[in-house]
Amino acid sequence: DSVPAAAAGMRGEDARARVCVVQTDPTRAETVAENVARVDARVRAALTRDRGVGMVVCPELGFSRYALRDEDDARAVARESARALAWAREIAMTYDTHVALGHCREEATSGELFNSQTVFAPDGDVARRYDKSHLYFMDEAWAVEGRRGFEVFTLAMKCFVRGAGSAYAEVVRDVKCVSAICMDINPYKFEAPWTDFELANACVGSDLILFSSAWTSAHPDDPEEIKRKPVDFGETVSYWMSRLQPLLGKTMSPYFVCANRIGVENDIQFTGCSCVVDLRHRIPRLMLGVREREETALSCWIELRRASDDDDDDD
């Protein structure tokens with residue numbers, strides 16, 4: 001089942017925001033345009049139903065094929081992904097929100113190819129563009145490693161504060177974010193020490209980790225029984241939490257906002273398990289978790305204040 005957090009009953013300072021994760025299955029269609037057309041209705045319905053969303057996160061390569069054979073294949077997908085970028089910009093402007101989209105990108109001047117996340121602001125401008133730092137071995141067939149690494153950046157994001165009585169007033173607040181894509185949460189090339197925690201250490205003091213993912217349940221070389229093993233939601237999310245361990249229980253820690261793919265491509269299944277997790281507690285708090293293996297767009301409320309010491313409990 002899906003577990004959205006209630007907007008009511010939040011303790012402490014009454015500053016809150018609504019974030020949305022979009023879970024897609026791009027294997028259902030041959031083209032980016034077809035995938036965008038199908039997912040569009042779900043996203044618009046969610047943003048109409050759950051008014052006040054300030055951030056929408058979409059998966060890694062969330063509307064295209066994931067297994068790109070070579071640079072020529074990736075260039076074709078990058079051109080096709082212009083449709084997804086135009087859609088994300090339109091959603092941002094129509095619903096007065098930020099949209100983080102994972103896509104294949106060709107740099108206009110150099111021709112280099114990147115596995116990227118682009119964040120659109122409510123005015124339609126590109127607020128941030130991030131290129132994946134830790135390439136998975138499948139990315140290495142076509143992508144260039146991002147050169148800037150993990151950086152904290154600030155977005156002027158729609159939030160809500162308590163006004164007179166029980167009413168909430170809309171405000172724009174500076175929200176500190178870090179973009180990351182799938183393999184970024186792992187040790188660099190699976191060769192760096194586990195305890196380097198590159199992504200986690202870069203996120204100290206931020207408010208949101210914008211995590212676009214194409215997480216799989218197996219390696220392409222694994223035996224068939226491993227590839228066909230049912231996805232375990234708890235196991236998947238627990239692994240992500242293990243990689244964010246330095247942030248757990250710290251008052252200056254962010255929310256992990258993860259949008260992941262589903263579907264099966266080249267005999268590998270994507271896990272889904274999109275979620276929003278509050279990392280400020282020793283036992284991370286699941287604010288929203290998508291256990292169903294289906295396309296969806298779901299949102300939840302989060303607090304953007306810093307948790308106080310007496311909030312740092314294990315319940």
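Refer to the structure presented above.
Here the structure is a predicted model, which means the values were calculated and not measured.

The next thing to look at is the overall build of the protein chain. Looking only at helices and strands, the protein chain has 6 helices and 14 strands in total. For the protein chain, whose C-alpha radius of gyration is 18 Å, the value lies close to the compact-globule estimate of 20 Å for 315 residues. Counting only C-alpha atoms and orienting by the principal axes, one finds that the protein chain spans roughly 60 × 40 × 35 Å. Evaluated residue by residue, the protein chain yields a buried proportion of 57% over its 315 residues. Put simply, 72% of the contacts in the protein chain that link residues at least 6 apart link residues at least 24 apart.

Here we come to the pairing of strand β3 (residues 98-106). Along β3, 8 of the 9 residues are buried, which leaves the element largely enclosed by surrounding structure. Pairing analysis gives 3 bridges linking strand β2 (residues 53-57) to β3, with the strands arranged parallel. Bridging across to β3, Val56 finds its partner in Val99. Where β3 meets strand β4 (residues 113-120), 8 bridges bridge the pair, whose relative direction is antiparallel. Counted as the bridge partner of Gly102 is Gln117 from β4. Linkage of β3 to β4, two consecutive antiparallel strands, is achieved through a turn of 6 residues, within which Gly111 is found at a positive phi near 80°.

All right, on to the packing of helix α2 (residues 71-80) against helix α3 (residues 82-94) then. Contact geometry of α2 with α3 gives a least axis separation of 4 Å together with a crossing angle of 30°. Here α3 runs roughly parallel to α2, going by the angle between their axes. Residues Ala78, Arg79 and Glu80 of α2 touch α3, and the partners they reach there are Ala82, Arg83 and Ala84. Residues that form the contact of α2 with α3 fall into these classes: 3 nonpolar, no polar and 3 charged.

The next subject is α2. For α2, the full list of buried residues reads Asp73, Ala74, Val77 and Ala78. Buried residues in α2, looked at end-on, bunch into an arc of 140°, giving them a common side. Across from the buried face of α2, at angles greater than 90 degrees, the exposed residues are Asp72 and Arg79. A distance of 3.2 Å separates the backbone nitrogen of Asp72 from a side-chain oxygen at the start of α2, and that oxygen is part of Asp70.

To continue, consider unusual backbone geometry. Phi angles above zero are rare outside glycine, and Asn266 is one such case at about 55°. For Asn266, the location among the structural elements is in the loop between β10 (264-265) and β11 (268-269). The phi angle at Cys273 is positive, at roughly 65°, despite the residue not being glycine. Along the chain, the position of Cys273 falls in the loop between β11 and β12 (275-278).

Here the structure, examined in full by the defined rule, presents 24 salt bridges. Residues Asp96 and Lys158 are paired through a salt bridge, measuring 3.8 Å at the closest nitrogen-oxygen approach. One end of the pair, Asp96, is in the loop between α3 and β3; the other, Lys158, is in strand β6 (residues 152-162), and 62 residues separate them in sequence. Residue Asp96 is classed as partly exposed on the basis of its relative accessible area of 36%. The salt bridge involving Glu224 is made with Arg228; its shortest N-O contact spans 3.5 Å. Among the residues examined, Glu224 registers a relative accessible area of 35% and is labelled partly exposed. Overlapping salt bridges, with partners in common, bring together Arg28, Arg38 and Glu295 in one network.

Mapped onto the fold, Val21 is located in strand β1 (residues 15-23). Spatially, the C-alpha atom of Val21 lies 7.2 Å from that of Cys275, the residues being 254 residues apart in sequence. Contact partners of Val21, with chain neighbours within four places excluded, come to Val57, Val257, Cys258, Ala259, Ser274, Cys275, Val276, Leu288, Thr296, Ala297 and Leu298.

Below, the discussion takes up the packing of aromatic side chains. Applying the stated criterion across every chain yields a total of 12 aromatic pairs. Between Tyr66 and Phe270 the ring centres are 5.6 Å apart and the planes differ by 80°, which places this aromatic pair in the edge-to-face class. Pair noted here: Tyr66 is in the loop between β2 and α2 and Phe270 is in the loop between β11 and β12, with a separation of 204 residues, a long-range link. Comparing Tyr66 with Phe270 shows no difference in burial state: the two are buried. On the numbers, 5.8 Å between centres and 55° between planes, the contact of Trp240 with Phe256 is tilted. Here Trp240, found in helix α6 (residues 233-243), pairs with Phe256, found in strand β9 (residues 255-260); they are 16 residues apart in sequence, far enough to count as distant. Taking the relative accessible area as the measure of exposure, Phe256 reaches 0% and is therefore buried. An aromatic cluster is present here, built from Trp194, Phe197, Phe211, Trp215, Tyr239, Trp240 and Phe256 joined pairwise through their rings.

Here we take up the nonpolar core. One finds Trp240, Leu244, Phe256 and Leu279 to be the most contacted residues of the largest nonpolar core, which totals 27 residues. Among the elements of the structure, β7 (168-181), α4 (198-202), β8 (208-213), α6, β9 and β12 are those that each provide at least two residues to this core. Among the elements that take part in this core, α6 stands out by supplying 4 residues, more than any other. When residues no more than four places from it in sequence are discounted, the contact partners of Phe256 are Ile185, Ile209, Phe211, Trp240, Met241, Leu244, Cys275, Val276, Val277 and Leu279. Of all hydrophobic cores here, the second largest spans 26 residues; its members include Val21, Met55, Cys159 and Ala259.

About the thresholds
- Residues numbered from 1 in each chain as written.
- Predicted model: local features only at pLDDT ≥ 70, side-chain atom pairs only at ≥ 80, totals over all residues.
- Heavy atoms only, no water.
- Helix = DSSP H or I, 4+ residues; strand = E, 2+ residues; numbered from the N terminus.
- Rg over C-alpha atoms; globule rule 2.2 N^0.38 Å.
- Buried < 20%, exposed > 50% of the residue type's maximum accessible area, 1.4 Å probe, protein only.
- Contact = heavy atoms within 4.5 Å.
- Pairing = 2+ DSSP bridges.
- Axes fitted to C-alpha atoms, helices over the stretch in contact; angles between N-to-C directions.
- Parallel < 35°, antiparallel > 145°, perpendicular 65-115°, else oblique.
- Nonpolar A, V, L, I, M, F, W, Y, C, P; charged D, E, K, R; others polar.
- Arc of directions from axis to C-beta.
- Polar contact = N/O pair within 3.5 Å; in protein donor to acceptor, adjacent residues only side chain to side chain.
- Salt bridge = Lys/Arg side-chain N within 4 Å of Asp/Glu carboxyl O.
- Phe/Tyr/Trp six-rings, centres within 6.5 Å; stacked < 30°, edge-to-face > 60°.
- Core = buried A, V, L, I, M, F, W, Y, C linked by side-chain atoms within 4.5 Å.

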